[in-house]
Amino acid sequence: MSLQQSDIRTIAKLARLAVKEDELAQYQQALGSILGLVEQMQAVQTDTVAPLAHPLDIHARLRPDVVTETDQRAKFQQIAPETENGFYLVPRVIE
Amino acid sequence: MHEHTLAELSRLLNTGKISSTELTRLYLERAERLNPQLNGYINTTPERALAQAKAADLTILHKNHGPLTGIPIAHKDIFCVDGTRTSCGSKMLDNFIAPYNATVVEKLDAAGMVTLGKTNMDEFAMGSSTETSYYGPTTNPWDTSRVPGGSSGGSASVVAARLAPAATGTDTGGSIRQPAALCGITGLKPTYGLVSRYGMIAFASSLDQGGPMSRTAEDAAMLMNAMVGFDPRDSTSLARPKLDYTAHLSDSLAGVKVGIPKQYFTDDLDTDTANKVQEAIKQFEQAGASLHPVDLPNTHLSIPAYYVIAPAEASSNLSRFDGVRFGYRCQNPVDLLDLYTRSRAEGFGREVKRRIMIGTYVLSAGYFDAYYLKAQKIRRLIRDDFQNALKQVDVIMGPTTPKPAFKLNELIDDPVSMYLSDIFTVSVNLAGLPAISIPAGFSGQLPIGLQIIGDYFSEAKLLNIAHQYQLHTDWHKQTPGGFA
């Protein structure tokens, strides 16, 4: 399965990665060779095999619905790029 | 002093032959002097180390200490250490001061260990050479023109060069075992779920597992005693009865059944690697073990399945890096989308972006079944292969890597060849099994690793087998020239 440069643009958009025009060919080549490697899987008949998401029989653990975390907002916001009055700042979304 | 194992250091500290402060200063001094050749540490944390050492000395004085009290250790820079920069080898987290401790760090702190610093790694643990780090490549102390392996290459390099007596690592597709093999040390990847993933920056959550990297199997057993345990903060942590991993080190190997998969000894295998590994396996036979051929017919599919599953999980995990709450943010974003896309494009390196793109693609509408679901089905075939083999034998042995350490820049522009260097390790992660790599000889001056794979929760058995081998060999005692 070979990828077109338009596919690279679509994937980059879904992945929220800015890709410059002059990087498209490089991605096309690298992703193409990785998909070529992965392609070997298609030769195997797996119609009757159930997918395995997780190696061990692990299921979601439940816990009592009580507060376990303390308020550490000030500590966590010390490492934020931009905050104001306890809020995280981003460029304006709604005019 | 830097040639001692953890077990020996423990005795020296216990009998007052040396203090933790003296030992810590000794390793910090070695790190300062020798790390520039290796770039194994991203940074040392001397203040924290000396404070911990002082506390350890008091604990020892008051006879409240355990076997690891006062012994220094280095942490892979994937583990959050409260108040310390935790970069994961990425520009994205270059400014990230972790606001909490990983459970592994908390447990080793509680055992009285002294954190010397943070070790270099492939960016977000994505790599097999430690060349994708934002902080530059780490080199192999056996030949500094070669890679140490990866992604835990910094940990392997500093332990091999004796700039730390032991280190932590993480293993998603071989990232503990492969660098351990290439640097001539011991590295154990435990059963998935035994060591908490809390505070260990996520790469591929169904595969990631932390573990010890050390000189000897005995040292790894001592570290396992402190690292393993149920953690309510990790949703896939396993609650198991507490084990003493050192208890069975001395067991005899008589009657142990060793499986040899023909798929691990193909023509692609480097000749020296094949010969040394075969010699090591013969030694186990002489020690009373019996050898049996086993079949792992889907081995060749492990790399393809892994390079769908791991990037898929990574693309999801790494979506949290958006330039909003922590980490790198681009300059002057024009709108929110620009902030996301440019922060991520500028903050992540090439290999990480490649994997995010692949992961995004295989999970996208129209391709999910052909790639992701298919890979999960193959994952089951691979796990079933191991389960069938491990019904017939106690452990499986083979090479850890297809060849010894390669040159810096040899594979960095060829991702597929780089991926293939993990051919013998990734299947173990897909199956969630434990495996250990131990030094089994040299090719010229380059170390060769023997991998021993066991059934779920067989770590004590793996450590026993590795320890018995190390009692009769001295590969693990060799120190690279220039670091003696």
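In this text, all values refer to a predicted model and were calculated from it rather than measured experimentally.

Parameters and conventions
Residues numbered from 1 in each chain as written. Chains lettered and ligands numbered in written order. Predicted model: local features only at pLDDT ≥ 70, side-chain atom pairs only at ≥ 80, totals over all residues. Heavy atoms only, no water. Contact = heavy atoms within 4.5 Å. Buried area = accessible area lost by both parts, 1.4 Å probe. Salt bridge = Lys/Arg side-chain N within 4 Å of Asp/Glu carboxyl O. Helix = DSSP H or I, 4+ residues; strand = E, 2+ residues; numbered from the N terminus. Buried < 20%, exposed > 50% of the residue type's maximum accessible area, 1.4 Å probe, protein only. Expected span 1.5 Å × (residues − 1). 1 Å grid on protein atoms, 1.4 Å probe; cavity = no way out; pocket = protein on both sides within 12 Å on 5 of 7 lines; lining within 4 Å. Points joined across faces, edges and corners; volume = space filled by probe spheres on them. Domains from an automatic or database assignment. Nonpolar A, V, L, I, M, F, W, Y, C, P; charged D, E, K, R; others polar. Polar contact = N/O pair within 3.5 Å; in protein donor to acceptor, adjacent residues only side chain to side chain. Phe/Tyr/Trp six-rings, centres within 6.5 Å; stacked < 30°, edge-to-face > 60°.

A. The arrangement of the interface of chain B and chain A in detail. Tallying the contact residues gives 69 residues for chain B and 48 residues for chain A. A combined buried area of about 5200 Å² lies between chain B and chain A, and 71% of that area is made up of carbon and sulfur atoms. When the area that chain B buries against chain A is broken down by residue, the three leading residues are Met357, Lys374 and Lys377 of chain B, summing to 13%. Where chain B touches chain A, the interface holds two salt bridges. One salt bridge in this structure joins Arg329 of chain B and Glu82 of chain A, with 3.1 Å as the shortest N-O distance.

B. Fine view of the environment of Leu34 of chain B. Residues and elements named next belong to chain B. Relative to the elements of secondary structure, Leu34 occurs in helix H2 (residues 20-38). Assessed through its relative accessible area of 5%, Leu34 is described here as buried. Taking C-alpha positions, Leu34 is 20 Å from Tyr134, a pair spaced 100 residues apart along the chain. Not counting the four nearest positions on each side in its chain, Leu34 is found in contact with Leu163, Gly482 and Phe483.

C. Here's a closer look at helix H9 (residues 302-317) of chain B. Compared with an ideal rise of 1.5 Å per residue, which puts 16 residues at 22 Å, H9 of chain B spans 22 Å between its outermost C-alpha atoms and is within 8% of the ideal. H9 of chain B sits mainly inside the fold: 15 of its 16 residues count as buried.

D. Region of the structure containing the layout of surface pockets. Residues and elements named next belong to chain B. Quantified by volume, the largest pocket comes out at close to 750 Å³. Residue-level mapping places the lining of the largest pocket at the junction of two domains, with at least three residues from each of domain 1 (6-255) and domain 2 (300-376). Roughly 380 Å³ of internal volume is contained in the second largest pocket. Around the second largest pocket sit 20 residues that line it, and Asp268, Pro402, Leu420, Ile423 and Phe424 are the ones nearest its centre. If you list the elements that add at least two residues to the lining of the second largest pocket, you get helix H6 (177-183) and helix H13 (415-420). By residue class, the composition of the lining of the second largest pocket is nine nonpolar, eight polar and three charged.

E. Fine view of the domain arrangement of chain B. Residues and elements named next belong to chain B. According to the domain assignment, chain B consists of domain 1 (6-255) and domain 2 (300-376). When each unit is reduced to the centre of its C-alpha atoms, the spacing between domain 1 and domain 2 is 28 Å. Residue-level contacts link 20 residues of domain 1 with 21 residues of domain 2. Contact with domain 2 buries area across many residues of domain 1, yet Met92, Met126 and Phe203 alone supply 38% of it, more than any other trio. Taken together, domain 1 and domain 2 are joined by zero salt bridges. The tally of links between domain 1 and domain 2 comes to eleven residue pairs in polar contact (both at pLDDT 80 or more). Of the residues assigned to the side of domain 1 that touches domain 2, the class counts are ten nonpolar, eight polar and two charged.

F. Inspection of unusual backbone geometry at higher detail. All names here are of chain B. Residues Gly150 and Ser151 are joined by a peptide bond in cis, for which omega reads 10 degrees. Take Ser151: it is sitting in the loop between strand S3 (114-119) and helix H5 (153-160). You will see that Ala125, though not glycine, has its phi angle at about 70 degrees, which is positive. Structurally, Ala125 is set in the loop between S3 and H5.

G. Up close: the packing of aromatic side chains. By the definition in use, this model includes 16 aromatic pairs over all chains. Site record: aromatic cluster; members linked through ring pairs are Phe96, Phe124, Phe321, Phe326 and Phe348 of chain B.

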